[in-house]
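Structure at a glance
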Amino acid sequence: MKRKVHSLIVRFMAYYLKERCGGATHVYPYGIEGRYIVIMNEEEYHHFTNRA
């Protein structure tokens, strides 16, 4: 049951980020203390992790 609830929560979060927030959302204050949540596919993640 716990796994099912967790799965539903993760699905809802992914839907919300993708459809309502344009794929990204921001928490905490802006600047160095800020945190960003972004949905990426494999190609975007590879590009992001290899930035200089």
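Given the structure is predicted, the values throughout are model-derived calculations rather than measurements.

Before going further, it helps to examine the overall build of the protein. A tally of helices and strands in the protein yields two helices and two strands. The linear arrangement of helices and strands in the protein, starting from the amino end, is α-β-β-α. Its C-alpha radius of gyration of 14 Å places the protein more than 25% over the 10 Å reference for a compact globule of 52 residues. Seen through its C-alpha atoms, the protein measures out along the principal axes to roughly 45 × 30 × 20 Å. Of the side chains in the protein, 8 bear a positive and 5 a negative charge, and the two mean positions are spaced by 13 Å.

Taking 1.5 Å of rise per residue, the 19 residues of helix H1 (residues 2-20) would be expected to cover 27 Å, and the 26 Å separating its terminal C-alpha atoms lies within 8% of that figure. Positive phi appears at Gly22, one or two residues downstream of H1, with a value of about 70°.

Take the confidence of the model for the protein next. Mean pLDDT over the protein: 82, with 98% of residues reaching 70 or higher. The lowest-confidence element of the protein is strand E1 (residues 24-27), averaging 73 in pLDDT; the highest-confidence one is helix H2 (residues 42-49), averaging 87.

Right, let's talk about a nonpolar patch on the surface for a bit. A cluster of nonpolar side chains, contributed by Met1, Val5, Ile9, Phe12, Met13, Tyr15 and Tyr16, occupies part of the molecular surface with about 800 Å² of accessible area. Among the structural elements, Ile9 can be located in helix H1. The exposure class of Ile9 is partly exposed, given its relative accessible area of 46%.

Turning to the environment of Asn41, a few remarks are in order. Relative to the helices and strands, Asn41 resides in the loop between strand E2 (35-38) and H2. Here Asn41 falls in the partly exposed class, since its relative accessible area comes to 43%. A polar side-chain atom of Asn41 sits 3.1 Å from the main-chain amide nitrogen of Glu43. Of note is the side chain of Asn41, whose polar atom sits 2.8 Å from the backbone nitrogen of Glu44.

Conventions and cut-offs
Residue positions within a chain follow its written sequence, with the count starting from 1. Note on the predicted model: pLDDT of at least 70 is required for a residue's local features to be given, and 80 or more for side-chain atom pairs to be given and counted; whole-chain, interface and lining totals, by contrast, use all residues. Side-chain measures here rest on the full set of heavy atoms in the structure, leaving out hydrogens and waters. Secondary structure elements are taken from DSSP: a helix is a run of H or I of four residues or more, a strand is a run of E of two residues or more, and numbering for both begins at the N terminus. Each radius of gyration reported is based on C-alpha atoms, and the globular scaling rule is 2.2 Å times the count of residues to the power 0.38. Note that His is not counted, nor are the chain ends; the positive residues are Lys and Arg, and the negative ones are Asp and Glu. In this description, the location of a charge corresponds to atom NZ of lysine, CZ of arginine, CG of aspartate or CD of glutamate. A helix's residues, less one, multiplied by 1.5 Å, set its expected span. Confidence scores per residue from the predictor, reported as pLDDT, run from 0 to 100. What goes into a patch is any residue over 30% in relative accessible area without a salt bridge, connected to like charges within 9 Å or, for nonpolar side chains (Val, Leu, Ile, Met, Phe, Trp, Tyr), within 5 Å. Accessible surface is estimated by sampling points in the Shrake-Rupley manner with a 1.4 Å probe; for residues, cover comes only from the protein chains shown. Here, a salt bridge means any Lys or Arg side-chain nitrogen found within 4 Å of an Asp or Glu carboxyl oxygen. Buried, partly exposed and exposed residues are distinguished by accessible area as a fraction of the type maximum, computed with a 1.4 Å probe on protein chains only: under 20%, between the cut-offs, and over 50%, respectively. Under the rule applied, a polar contact is a pair of N or O atoms within 3.5 Å (in protein, one hydrogen donor and one hydrogen acceptor; residues adjacent in sequence only if both atoms are side-chain atoms).

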